[in-house]
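What follows is the residue order along each chain.
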Amino acid sequence: MKKIQLRKIEWKKPNIRGAWQKFRSMKPEDWKEWRKKRKERREEILEKRRSSPFAKKMAPYYRIMNRFSLIFHALWACIINFIIEAISRHSAFAAWDYMTGTPLVFLYNACMIFVPFLLVYLVRRRVFMRIVISALWLFLGVVNGVMLLKRVTPFNAQDLKTFTEGLSLFTNYFSVQELVMMGIGVPALIVWIVAMWRRGGQYTGKMHRILALVGVVVGFGGFSLLTQLAVDNRVVSTYFGNIAFAYEDYGLPYCFQASLFNTGISQPNDYTEAKMEEIGENGALLESTSDTGEFPNVLFVQLESFFDVSEFEQLQCSQDPLPNLRSMFENYSSGYFKVPSVGAGTANTEFEVLTGMNLRYFGPGEYPYKTVLKDQVCESAATAFARFGYGTHALHNNGGNFYSRARVFNNIGFDSFTSKEFMNILQTTENGWSKDDILLTHIEDALDDTEQQDFVFTISVQGHGNYPEEKVIENPRITVSGMETEEQNNAWEYYVNQVYEMDQFAGNLVKMMEERGEPTVIVFYGDHLPTMGLEASDLKSRYLYNTNYVIWDNIGLAKEDRNIPSYQIMADVMERLGLHSGTVFNYHQQRRQTEDYLLDLELLQYDILYGDQYIYEGNPPITEGHMEMGVKDVTLSGITESLDGSWSLYGENFTKWSRVYINDERQDSTFLNNTRIELSESTLENGDIITVKQVGSSNTIFRVSAQYVYQDGALSVYTGDDTGGSTGENTDGSTGDGENQEEEITSWLDLQE
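We now turn to the structure provided with this report. (Residues numbered from 1 in each chain as written. Predicted model: local features only at pLDDT ≥ 70, side-chain atom pairs only at ≥ 80, totals over all residues. Heavy atoms only, no water.)

1. Side note on the overall build of the chain
Across its full length, the chain carries 27 helices and 24 strands. Buried residues in the chain amount to 49% of all 753 residues. Look at the contacts in the chain between residues 6 or more apart in sequence, and 72% of them connect residues 24 or more apart. Total accessible area on the chain stands at roughly 37,700 Å², and carbon and sulfur atoms take up 53% of it. (Helix = DSSP H or I, 4+ residues; strand = E, 2+ residues; numbered from the N terminus. Buried < 20%, exposed > 50% of the residue type's maximum accessible area, 1.4 Å probe, protein only. Contact = heavy atoms within 4.5 Å. Areas by Shrake-Rupley, 256 points an atom, 1.4 Å probe, with all protein chains shown as cover.)

So this is what it looks like as structure tokens:
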């Protein structure tokens, strides 16, 4: 047997310095010679490849493939389309049913995939170009398939806009093993594509770039006409009532590009100044009036993924998971709450409630929080209640930057926004989400922050998915049965126990408001159904867009049960209270039962957000934001040095997101509790200035404490005197120099850019 000897690979240390010296000493003629040799060397390599036995054997096939490349591109586009649909639907059989059941939709999407392949004829590296285009489409399919394993909403262009915020939630959706696989797989794909640029070869025939360019223009132009023809003949649609269903009906390629390019509200055909004057009834929609002169506190509480689980008849629970809300359903106004999404889309339900605008007029899958409201002011419930002197506050026990809420709430007129960065969250779910009970303290803080009545908008997070299919609660208060598999029972058991605790939070909030003795109205509602694979036939209402709502009050409102969409709820509650304020809310109150109600609502929304704002007659209700993050300042009371050289900083209102700065340099710190932070590596000298900043994702500074000066082991509020603490006030909970502090607090608006 012949012995095989492996050639030993020798590694040579690169002579970087010598190469640099050679590079610097090269003259123009040397460069010319280098390029000539490089070209000759490349020609030798190509000739060797063309002369190889394999190349000669494949030459006839290459000629056929080049001659009929358009046909092969079309076939390959169909194959790619089938593959990405199989991945997205998690089933090749489902992809086959989609292809055979709606062949025109399938061919339209295949055509969309085919058109970019025309770019191949503009370059010599055709194999590489084909690989890049194919990889992009297949990568899109893989990402969508993975996303749909974790949530109901498919991958769309809005996910790209929330990418940085979504990274902070990766561990809530993906296991460590999955993250490792992604961390290895994506770079490996990139390396392989780059390698194919060198190894993929080049087209050696004559290039017809002008003809190819004409073909590209004709191809893309023809596809544009084909798209319009497909829309006109209802092969595809420009409106997605549910983006998840749209992806199933119209395919991933079309739906993704629609979410990418079709955003905002298109100008209606009959949009004119005269038409807007007619809708505005010559300024009547701009008025703010009260029928009774009474102004109770108004609290809206958006419960994450909440619905009355008794609506799901298959599920059996050992006890009622919502006794408090059930009692409210029976004694106060309640009904089904029609929301714009299923299984996800919290921010869109929130948008409809706060603005009164209907999302059906926006682009498919669009989040206005990530588009128009991110950089533009707009009236809302906050500005409407502010016209009556209300303090307006938003609260959310999740990150302030997620869905750009900090920016949006400022742009729609809130006075304050308290996010998790201002909460000392001690209890979390097994999935790592904050429990909602923490919100009670901060709702009360918001109410106490002002002397007048308040509008408080609260967004909970405890019910958030995903819902583990393994048993994670050791001794659940409520057990469930009735599902087909143990995994399904485990997921529902987890969800139901979160609902129970959310119900306890609702009951405790009502109790707190009763004890305060202030006239109050509280609206509880679910933002969307949970991500549990529910179908319309599973529910009593036979409708996936229904959650539940109830309006609790202590002012004697009559019980009026009815079903209501989320964009009408604010106007409805204000009407029950005899309050008429806000252009869109006044419109709902006056026009809800009239002809052309929805058509004129589209015109009104377009005019306010994208048009010339004729409706405001030159006096918009909001021109700029004024919001502060949080309602309480961090105050410092002292600092002590330990024997090991570390420091303990004492004060009030510290959270896990408090960061300590000494002379504007961030320190390594350890949060111990709301009154103590450890500084293990810091050094202090007399005259050093200490501040504490509440920092969100992307290192966004939301709020800054007063400046404190260190002097002889003590802290005092810094007053701006360079001599240090001798002129400062002793720490007593004061906020220091208000003017400087306001400048620092509002800086978060710029830092988020």
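On we go.
2. Some points on the nonpolar core
In terms of nonpolar packing, the biggest core is built from 70 residues, with Phe300, Phe409, Phe414 and Phe455 touching the most fellow members. Counting residues per element, this core draws most heavily on helix 25 (residues 597-609), which supplies 7 residues. Contacts of phenylalanine 455, omitting those with residues within four sequence positions, involve Val298, Phe300, Leu354, Ala381, Ala382, Phe385, Tyr390, Gly391, Thr392, His393, Phe414 and Met570. Formed by 52 residues, the second largest nonpolar core is a distinct cluster that contains Phe306, Ile425, Met513 and Leu529. (Core = buried A, V, L, I, M, F, W, Y, C linked by side-chain atoms within 4.5 Å.)

3. Overview of the packing of aromatic side chains
Throughout the structure, instances matching the rule amount to 35 aromatic pairs. When the ring of phenylalanine 351 is compared with that of phenylalanine 362, the centres are 5.5 Å apart and the planes differ by 90 degrees; the resulting orientation is edge-to-face. Of this pair, phenylalanine 351 sits in helix 17 (residues 346-355) while phenylalanine 362 sits in the loop between helix 17 and helix 18 (372-375), and the two are 11 residues apart along the sequence. Given the relative accessible area of 0%, phenylalanine 351 is considered buried. Here phenylalanine 362 falls in the buried class, since its relative accessible area comes to 5%. With a centroid separation of 4.7 Å and an interplanar angle of 15 degrees, the aromatic rings of phenylalanine 385 and phenylalanine 455 are classed as stacked. Taken as a pair, phenylalanine 385 in helix 19 (residues 381-386) and phenylalanine 455 in strand 7 (residues 454-459) lie far apart in primary sequence, 70 residues in all. Each member of the pair, phenylalanine 385 as well as phenylalanine 455, is classed as buried. Note that arginine 89 overlies the ring of tyrosine 98, its terminal NZ or CZ placed 4.1 Å from the centroid. Sitting over the face of the ring of tyrosine 661, lysine 693 holds its NZ or CZ atom 4.1 Å from the ring centroid. (Phe/Tyr/Trp six-rings, centres within 6.5 Å; stacked < 30°, edge-to-face > 60°. Lys NZ or Arg CZ within 6 Å of the ring centre and 35° of its normal.)

4. Details of the pairing of strand 21 (residues 701-704)
Sheet analysis places strand 20 (residues 689-695) next to strand 21, joined by 3 bridges and oriented antiparallel. Bridge pairing in strand 21 links glutamine 694 to arginine 703. As consecutive antiparallel partners, strand 20 and strand 21 are separated by 5 residues, and within that stretch serine 698 has a phi angle of approximately 60 degrees, a positive value. (Pairing = 2+ DSSP bridges.)

5. Brief notes about the packing of helix 5 (residues 92-101) against helix 6 (residues 103-114)
At a closest axis distance of 5 Å, the pairing of helix 5 and helix 6 adopts a crossing angle of 100 degrees. The angle between the axes of helix 5 and helix 6 places the two elements in the roughly perpendicular class. Contact residues: Tyr98, Met99, Thr100 and Gly101 in helix 5; Pro103, Val105, Phe106 and Asn109 in helix 6. Considered class by class, the residues forming the contact of helix 5 with helix 6 number 5 nonpolar, 3 polar and no charged. (Axes fitted to C-alpha atoms, helices over the stretch in contact; angles between N-to-C directions. Parallel < 35°, antiparallel > 145°, perpendicular 65-115°, else oblique. Nonpolar A, V, L, I, M, F, W, Y, C, P; charged D, E, K, R; others polar.)

6. Quick word on the sheet that holds strand 5 (residues 391-396)
If you walk across this open sheet you meet the 9 strands as 11-4-10-9-2-7-5-6-13, and the pairing is mixed. The sheet is open, and its two borders are formed by strand 11 (564-565) and strand 13 (628-629), each paired with just one other strand. Relative to strand 9 (residues 520-526), strand 2 (residues 297-303) runs parallel, the two sharing 7 bridges. The residue bridging leucine 299 from the neighbouring strand is isoleucine 522, located in strand 9. Against the sheet, helix 17 engages strand 2, strand 4 (333-338), strand 7 and strand 9, with an angle of about 165 degrees to strand 7.

7. Examining the packing of helix 13 (residues 243-250) against helix 14 (residues 252-261)
In the contact formed by helix 13 and helix 14, the axes pass within 7 Å of each other and the chain directions differ by 135 degrees. Between helix 13 and helix 14, the angle is such that the two are oblique. Contacts from Ala246, Tyr247 and Tyr250 of helix 13 reach helix 14 at Leu252, Tyr254, Cys255, Phe256 and Ser259. Classifying every residue of the contact of helix 13 with helix 14 gives 7 nonpolar, 1 polar and no charged.

8. Describing helix 17
When you tally the buried positions in helix 17, you get 10 out of 10 residues, the bulk of the element. Along helix 17, the positions that sit buried rather than exposed are Thr346, Ala347, Asn348, Thr349, Glu350, Phe351, Glu352, Val353, Leu354 and Thr355.

9. Brief notes about unusual backbone geometry
Going from glycine 465 to asparagine 466, the amide bond is cis rather than trans, its omega being 5 degrees. You can see asparagine 466 is positioned in the loop between strand 7 and strand 8 (480-481). Although it is not a glycine, aspartate 596 adopts a positive phi angle of roughly 60 degrees. Its place among the elements puts aspartate 596 in the loop between helix 24 (583-591) and helix 25. Backbone geometry places glutamate 617, a non-glycine residue, at a positive phi of 55 degrees. By the secondary structure assignment, glutamate 617 is in the loop between helix 25 and strand 13.

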